[in-house]
Amino acid sequence: MTVAAAIVILGGFAVAFIALLGRSGKLPRNRFAGIRTPSTLRSDAAWDVAHRVSWAYTLVSGVGMVILGVVLSLKPRSDVALGVLLLSLVPILIGAAKGDRAARAIVDPQ
């Protein structure tokens, strides 16, 4: 297994773990892991709702990264590896946008 594949696999597991913590409400508000926008950092309620809204998207990204890492370990010179890695990050970006929108609704109701 290449170092790059191992890093992608470990990163995927970390992302999936963070998704599950967010779903359960056990991911504390912090500045290192999770959706860290001004809206989500404003209150625990906003933080929790953002991560409950986004957890499935984040989990899909984590699982995608693990699968990509396994593929990279089997075929380390894959020409599409970078593209697939970037594609696996799309769901996490969608989830973060939806989570931030939900947090803004909590902190700035209109």
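Everything below is about the structure printed above this text.
Residues numbered from 1 in each chain as written. Predicted model: local features only at pLDDT ≥ 70, side-chain atom pairs only at ≥ 80, totals over all residues. Heavy atoms only, no water.

Asker: Explanation requested: the overall build of the chain in the structure shown.
Answerer: Along its length, the chain carries five helices and zero strands. Secondary structure elements in the chain, listed N-terminal to C-terminal, are α-α-α-α-α. For the C-alpha atoms alone, the extent of the chain along its principal axes is close to 50 × 25 × 20 Å. By residue count, 34% of the 110 residues in the chain fall in the buried class. Carbon and sulfur atoms make up 69% of the accessible area of the chain, which totals about 6,700 Å². When the 12 positive and 5 negative side-chain charges of the chain are each reduced to one mean point, those points stand 4 Å apart. (Helix = DSSP H or I, 4+ residues; strand = E, 2+ residues; numbered from the N terminus. Buried < 20%, exposed > 50% of the residue type's maximum accessible area, 1.4 Å probe, protein only. Areas by Shrake-Rupley, 256 points an atom, 1.4 Å probe, with all protein chains shown as cover. Lys, Arg positive; Asp, Glu negative; His and termini not counted. Charge placed at Lys NZ, Arg CZ, Asp CG, Glu CD.)

Asker: I keep staring at the packing of aromatic side chains and nothing clicks. Help me out?
Answerer: The relation between two aromatic rings is expressed through the spacing of the ring centres and the mutual angle of the planes. Counting across every chain of the model gives zero aromatic pairs. A cation over an aromatic ring shows up here: arginine 23 above the ring of tryptophan 55, its NZ or CZ 4.7 Å from the ring centre. (Phe/Tyr/Trp six-rings, centres within 6.5 Å; stacked < 30°, edge-to-face > 60°. Lys NZ or Arg CZ within 6 Å of the ring centre and 35° of its normal.)

Asker: Where do I start with a nonpolar patch on the surface in this structure?
Answerer: A cluster of nonpolar side chains, Val63, Ile67 and Val71, forms an exposed patch at the surface whose accessible area comes to about 240 Å². Tracing the sequence through the fold places valine 71 in helix α3 (residues 44-74). (Patch = residues over 30% accessible without salt bridge, like charges linked within 9 Å, V, L, I, M, F, W, Y side chains within 5 Å. Salt bridge = Lys/Arg side-chain N within 4 Å of Asp/Glu carboxyl O.)

Asker: Explain the packing of α3 against helix α4 (residues 81-88) to me, please; I cannot follow it from the model alone.
Answerer: Packed helix pairs are characterised by how far apart their axes lie and by the angle those axes make with each other. Taken N-terminus to C-terminus, the directions of α3 and α4 make an angle of 165°; their axes are 9 Å apart at the nearest point. By the angle between their directions, the pair α3 and α4 is classed as roughly antiparallel. With respect to the hand of their crossing, α3 and α4 are arranged in left-handed fashion. Contact residues: α3 offers Ser61, Gly64, Met65, Leu68 and Leu72, while α4 offers Ala81, Val84, Leu85 and Ser88. Along the lines of polarity and charge, the residues of the contact of α3 with α4 split into six nonpolar, three polar and no charged. (Axes fitted to C-alpha atoms, helices over the stretch in contact; angles between N-to-C directions. Parallel < 35°, antiparallel > 145°, perpendicular 65-115°, else oblique. Left-handed = near helix turned anticlockwise from the far one by under 90°. Contact = heavy atoms within 4.5 Å. Nonpolar A, V, L, I, M, F, W, Y, C, P; charged D, E, K, R; others polar.)

Asker: What is the right way to read the environment of phenylalanine 17 from this model?
Answerer: Tracing the chain through its elements places phenylalanine 17 in helix α1 (residues 3-24). Relative accessible area serves as the criterion here: at 51%, phenylalanine 17 is assigned to the exposed category. Considering only alpha carbons, one finds phenylalanine 17 and leucine 27, 10 residues apart in sequence, at a separation of 9.8 Å.

Asker: Any chance you could explain the packing of α3 against helix α5 (residues 90-107) here in plain terms?
Answerer: The interhelical angle for the contact between α3 and α5, taken along N-to-C directions, is 165°, at an axis separation of 8 Å. Put simply, α3 runs roughly antiparallel to α5. Crossing angle aside, the handedness with which α3 passes α5 is right-handed. Along the contact surface, α3 presents Ala45, Ala46, Val49, Ala50, Val53, Ser54, Tyr57, Thr58, Val60 and Ser61, while α5 presents Pro91, Ile92, Ile94, Gly95, Ala96, Lys98, Gly99, Ala102, Ala103, Ile106 and Val107. Class assignment of the residues belonging to the contact of α3 with α5 gives a composition of 15 nonpolar, five polar and one charged.

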